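Breakdown of the fold
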Amino acid sequence: MLADLTWPEAGERAAAGAILAIAVGATEQHGPHLPLSTDTDIAGALCARLAAARPDVLVGPAIPYGASGEHAGFPGTLSIGQAALELLVVELCRSATDTFDRILLVNWHGGNVEPLCRAKDLLRAESRDVRVYLPRFDGDLHAGRSETALQLALAPGRVRGDRAAAGDQRPLAELLPVLRAAGVRAVSANGVLGDPAGATETEGAALLDHLGTDLIDRTRLWWPENSAERTGT
Ligand SMILES: [Zn+2]
């Protein structure tokens, strides 16, 4: 973890070619049963898995706030909005690339995708090697079975299982116009999009494995100079 290092140690890791990985999460409602930090927790867990698999990956402090305007109206949601997140990421990565040649942003919140990608495009236009990882998996949308299972696998004591309840379960294509116009509160009184019923720690561990493997695989492709294919080792 970068935060544990001194500056000479950080410099040594950078000189050895370290990739800085930063989790991009949110502080937002996740139904009546999951903690507000759920997105940051999951993104951080994926960074940790990548670092465990690749010694050249160094994990920086996570960004715990994101663009969560669609979750307004639920107590505890703390959103900095799209423009602030974009600027935060731009300035953070400009600073980080003073030390590290390669920056990987690991995102786990849909509302962050557009500002993150705009920031990445600007940074790459400045010749900075900044990448964004967006997870791909089949699951429900928000605080449903997938995220409940993941949180059970990460920290079961933080899941209020007795308060879990289904929310709006319509597919995203149908929900999106209403979500864009009026936010989650307009479609789901409890904040859940999906149904946490049936989520288990085992299912969450399997999903974490799947996501971790996808992140490791895609990172290998992004930096072929570090891969076995290129070096022949
Ligand atoms: Zn979430």
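For the structure, check the block above.
Just so you know, these numbers come straight off a predicted model, no measurement behind them. (Residues numbered from 1 in each chain as written. Predicted model: local features only at pLDDT ≥ 70, side-chain atom pairs only at ≥ 80, totals over all residues. Heavy atoms only, no water.)

Moving on, we get to helix H4 (residues 113–125). Given 3.6 residues per turn, any residue in an α-helix points the same way as the ones three and four places further on. With 13 residues, H4 should cover 18 Å at 1.5 Å per step; its first-to-last C-alpha distance of 18 Å lies within 8% of that length. Buried residues of H4: Pro115, Leu116, Ala119 and Leu123, and no others. The buried residues of H4 all sit within an arc of 100° when viewed along its axis, so they share a single face. On its buried face, H4 sits against strand S1 (19–24), helix H3 (81–99), strand S3 (102–107) and strand S4 (129–133). Note on H4: the residue one or two positions beyond its end, serine 127, has a positive phi of about 65°. (Helix = DSSP H or I, 4+ residues; strand = E, 2+ residues; numbered from the N terminus. Expected span 1.5 Å × (residues − 1). Buried < 20%, exposed > 50% of the residue type's maximum accessible area, 1.4 Å probe, protein only. Arc of directions from axis to C-beta. Contact = heavy atoms within 4.5 Å.)

All right, on to the pattern of salt bridges then. In the structure shown here, the tally under the stated rule is 16 salt bridges. Residue aspartate 129 is joined to arginine 124 by a salt bridge in which the shortest nitrogen-to-oxygen separation is 3.2 Å. The exposure class of arginine 124 is partly exposed, given its relative accessible area of 35%. Residues glutamate 203 and arginine 145 are paired through a salt bridge, measuring 2.6 Å at the closest nitrogen-oxygen approach. Highlighted residues: glutamate 203 in helix H7 (residues 201–222) and arginine 145 in helix H5 (residues 145–154), separated in sequence by 58 residues. A cluster of three or more residues bridged by salt bridges with shared partners is formed by Glu91, Arg94, Glu126 and Arg128. (Salt bridge = Lys/Arg side-chain N within 4 Å of Asp/Glu carboxyl O.)

Attention now moves to unusual backbone geometry. The phi torsion at serine 127 lies on the positive side, around 65°, for a residue other than glycine. With respect to the helices and strands, the residue serine 127 is situated in the loop between H4 and S4. Take serine 127: its relative accessible area is 69%, and that puts it in the exposed class. Of note, the phi angle at alanine 143 is positive, near 60°, even though the residue is not glycine. Mapped onto the secondary structure, alanine 143 falls in the loop between S4 and H5. The exposure class assigned to alanine 143 is buried, which follows from its relative accessible area of 0%.

A few words on the packing of helix H2 (residues 38–53) against H5. It is the contact of H2 with H5, at a shortest axis distance of 10 Å, that shows an interaxial angle of 65°. The two elements H2 and H5 meet at a crossing, and its hand is left-handed. Judged by residue contacts, Thr38, Asp39, Asp41, Ile42 and Ala45 of H2 engage Glu147, Leu150, Gln151 and Leu154 from H5. Residues of the contact of H2 with H5, tallied by class, amount to 4 nonpolar, 2 polar and 3 charged. (Axes fitted to C-alpha atoms, helices over the stretch in contact; angles between N-to-C directions. Left-handed = near helix turned anticlockwise from the far one by under 90°. Nonpolar A, V, L, I, M, F, W, Y, C, P; charged D, E, K, R; others polar.)

If you walk across this open sheet you meet the 4 strands as S2-S1-S3-S4, and the pairing is parallel. The open sheet has two edge strands with one neighbour each: strand S2 (57–59) and S4. Direction aside, the axes of adjacent strands within the sheet are offset by 25° on average. Inspection of the sheet shows S1 paired to S2 by 3 bridges, in the parallel sense. From the neighbouring strand, alanine 21 faces S2, where its bridge partner is valine 59. Here H3 sits on the sheet in contact with S1, S3 and S4, set at roughly 145° to S3. (Pairing = 2+ DSSP bridges.)

Let us now look at the coordination of the zinc ion. Here the zinc ion is held by the protein donor atoms His30 (NE2), Asp39 (OD), Glu147 (OE) and Glu147 (OE), which lie 1.9 to 2.8 Å from it. If you look at the zinc ion, its 4 donor atoms make angles of 52 to 144° with each other, and the shape they trace is irregular. Going along the chain, you hit the donors of the zinc ion in the pattern H-x8-D-x107-E. Of the two residues, aspartate 39 is situated in helix H2 and glutamate 147 in helix H5; the sequence distance between them amounts to 108 residues. Among the residues examined, aspartate 39 registers a relative accessible area of 1% and is labelled buried. (Donors = N, O, S within 2.8 Å, 3.2 Å for Na, K, Ca; no water. Tetrahedral: all angles 85-135°; square planar, octahedral: opposite > 155°, others 65-115°.)

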